[in-house]
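Descriptive analysis of the structure
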Amino acid sequence: MLWWFLILGVSAAVVVSVALTLYMRVRRQMKRSEAHKPEFDGPDHSAPPGA
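These figures come from a predicted structure and were not determined experimentally. Going along each chain's sequence as written, the residues are numbered from 1 onward. Only residues with pLDDT of at least 70 get local features here, since the model is predicted, and only at 80 or more are side-chain atom pairs given and counted; chain-wide, interface and lining totals rely on the full set of residues. Note that the side-chain values use all heavy atoms of the structure and ignore hydrogens as well as water.

**Comments concerning the overall build of the protein chain**
Stated precisely, the cut-off is as follows: By the criteria applied, helices consist of DSSP H or I runs no shorter than four residues and strands consist of E runs no shorter than two, each listed in order from the N terminus. Burial classes: relative accessible area under 20% of the type maximum marks a residue as buried, over 50% as exposed, and values in between as partly exposed (1.4 Å probe, protein chains only). Accessible surface is estimated by sampling points in the Shrake-Rupley manner with a 1.4 Å probe; for residues, cover comes only from the protein chains shown.
Assigned secondary structure in the protein chain consists of one helix and zero strands. Looking at the protein chain as a whole, 0% of its 51 residues are labelled buried. Entry remark: accessible area of the protein chain is about 5,400 Å², with carbon and sulfur atoms responsible for 70%.

**Remarks on a nonpolar patch on the surface**
Worth spelling out the cut-off: Patches were defined on residues exceeding 30% relative accessible area and lacking a salt bridge, with like-charge contacts within 9 Å and nonpolar side-chain contacts (Val, Leu, Ile, Met, Phe, Trp, Tyr) within 5 Å. Between Lys or Arg on one side and Asp or Glu on the other, a salt bridge is scored when a side-chain nitrogen of the former is within 4 Å of a carboxyl oxygen of the latter.
A grouping of Met1, Leu2, Trp3, Trp4, Phe5, Leu6, Ile7 and Leu8 is seen on the molecular surface, where their side chains present a nonpolar patch of about 1,100 Å² in accessible area. Considering the arrangement of structural elements, one finds Leu8 in helix α1 (residues 2-36).

Purely geometric numbers; function is a separate question.
Take a look at the structure:
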């Protein structure tokens with residue numbers, strides 16, 4: 001009976017560690033893509049209005 005609890009505990013630890021690893025990878029990827037996103041704050045005002 002003790003073996004079942006050991007197997008269950010190890011399996012739960014593996015599932016939690018895989019989920020945490022995936023979460024950290026996705027979070028890191030989202031931060032990386034957010035840092036490379038160009039800033040856009042409206043229309044380009046570099047050209048004079050009458051040109």
